[in-house]
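# Tertiary structure, described
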Amino acid sequence: MPVAACNLFSHGGRWHGMNSLADRIDALLPQTQCEQCGYHGCRPYAEAIARGEAGINQCPPGGTAGITRLAELLDLPVLPLDPEHGVEKPRMLARVVEAECIGCTKCIQACPVDAIVGAAKLMHTVIIDDCTGCELCVPACPVDCIVLEPMPLAQVNDPAHADAARLHFQRREARLAGEQARRDAELAARKAQVAAATETNPVLAALARARAKQQGKPT
């Protein structure tokens, strides 16, 4: 574990300051949410660094400059970018070639910051100001109608853009979690209804016992 992390966290066998350190690390990350670091977004990566479970050199979009900032924060040596996580290159923006878009929505589903808008069987488009250049939409597109173009330097180095990307990612994660919770609740309700109906219907009960017997389950 990094020495700086130990100094901030360890006290009497308890962990302290993790959220504070994770916040400071997260503030230095580019907020591309590209997952090249091996984690589901910049915040989980920041938390892993804070716990001493991830290296500071796993973020290709942050590159050498990002590694240097993290090293200064944590009082660690500057390391070269780990090639297992990619290579440093100019940040890019995605653009949908509208004439070739089939409206499959796969890029919309892949975008971690909701920067692509559209609907099924309708043309999609990228909100350039919200795009982080994560490139996750490119392999998701089945017709290769997404191209990458250079991100303006002002956008690359704009803290406000990074803050907005963080917020968009958080909102999307919250929305997806809510949708999953609703699906789980609906499934549980349906199962409960089936179980209740089975208990009161002798025919359904007999069928359930037969299925359980076929599957080798105790009845």
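Residues numbered from 1 in each chain as written. Predicted model: local features only at pLDDT ≥ 70, side-chain atom pairs only at ≥ 80, totals over all residues. Heavy atoms only, no water.

### Here we look at the overall build of the chain
Heads up, the rule is: A helix here means a DSSP run of H or I that spans at least four residues, while a strand means a run of E at least two residues long, and both kinds are numbered starting from the N terminus. Exposed residues in this analysis have more than 50% of their type's maximum accessible area, buried residues have under 20%, and partly exposed residues fall in between, with area computed by a 1.4 Å probe over protein chains only. Every residue pair with non-hydrogen atoms within 4.5 Å of one another is taken to be in contact. In these tables, accessible area is a Shrake-Rupley quantity obtained with a 1.4 Å probe, and a residue counts as shielded only by the protein chains included in the view.
Helix and strand content of the chain: 9 helices and 6 strands. Each of the 219 residues in the chain was classed as buried or not, and the buried ones make up 34%. Long-range contacts, defined here as pairs at least 24 residues apart, represent 56% of the contacts in the chain between residues at least 6 apart. On the chain, roughly 12,900 Å² of surface is accessible, and the fraction owed to carbon and sulfur atoms is 57%.

### Overview of helix H4 (residues 63-74)
Selection rule: The length a helix should cover is 1.5 Å for every residue beyond the first. Think of it as the arc spanned by the lines of direction from the helix axis to the C-beta atoms.
Taking 1.5 Å per residue as the helical rise, H4 with its 12 residues ought to reach 16 Å, and the 17 Å between its terminal C-alpha atoms agrees with that figure. Buried within H4 we find Gly63, Gly66, Ile67, Leu70, Ala71 and Leu74. Projected down its long axis, H4 carries its buried residues within an arc of 135°, all on one side. In the segment just after H4, aspartate 75 is the residue with positive phi, at about 55°.

### Details of the confidence of the model for the chain
If pLDDT is low for a region, its predicted coordinates should not be looked at in detail. Applicable threshold: What pLDDT expresses is the predictor's confidence in each residue, scored from 0 to 100.
For the chain, mean pLDDT is 89; residues scoring 70 or higher make up 89% of the total. The spread of mean pLDDT over the elements of the chain runs between strand E1 (residues 10-11), the lowest at 38, and helix H6 (residues 137-140), the highest at 98. Here residues 1-16 scores under 50 on pLDDT; set against residues more than four positions off or in separate chains, the count is 23 contacts.

### Re the nonpolar core
One broad trend across soluble globular proteins is that nonpolar side chains are buried collectively. Our working rule: We define the nonpolar core as a collection of buried residues of types Ala, Val, Leu, Ile, Met, Phe, Trp, Tyr and Cys that are connected through side-chain atoms lying within 4.5 Å of one another.
Grouped together as the largest cluster of nonpolar side chains are 19 residues, with contacts concentrated most on Ile25, Leu29, Tyr45, Ile49, Ile56, Leu70 and Leu74. Those elements that place two or more of their residues in this core are helix H2 (18-26), helix H3 (42-50) and H4. With 6 residues, H3 is the largest single contributor of residues to this core. Leave out the neighbours within four places in its chain, and leucine 29 touches Cys42, Tyr45, Ala46 and Leu70. Counting 17 residues, the second largest nonpolar core, distinct from the first, contains Leu93, Cys101, Ala115 and Cys145.

### Notes on H3
For H3, every residue scored as buried is listed here: Cys42, Tyr45, Ala46, Ala48, Ile49 and Ala50. Immediately beyond the C-terminal end of H3, within one or two residues, lies glycine 52, with a positive phi of roughly 80°.

### Focus on the pattern of salt bridges
Just so we agree on the cut-off: Only one rule defines a salt bridge in this text: a Lys or Arg side-chain nitrogen within 4 Å of an Asp or Glu carboxyl oxygen.
According to the stated counting rule, one finds 10 salt bridges in the structure shown. With its nearest N and O atoms 2.8 Å apart, the salt bridge here joins aspartate 26 to arginine 166. Of this pair, aspartate 26 sits in helix H2 while arginine 166 sits in helix H8 (residues 159-200), and the two are 140 residues apart along the sequence. Using a relative accessible area of 3% as the deciding quantity, one classes aspartate 26 as buried.

### Let's talk about unusual backbone geometry
A negative phi angle characterises most non-glycine residues, just as the trans form characterises most peptide bonds. Unusually for a residue other than glycine, aspartate 75 sits at a positive phi of about 55°. Positive phi outside glycine occurs at aspartate 114, with the angle close to 55°. Tracing the backbone through its elements, the reader meets aspartate 114 in the loop between helix H5 (106-110) and strand E4 (116-117).

### With respect to the pairing of strand E3 (residues 92-96)
Note the following rule: DSSP bridges decide pairing: two strands pair if at least two such bridges lie between them.
Within E3, 4 of the 5 residues are buried, leaving the element largely enclosed by the surrounding structure. When E3 meets strand E6 (residues 146-150), the two strands line up antiparallel, connected through 5 bridges. In the sheet register, alanine 94 faces E6, and the bridge partner there is leucine 148.

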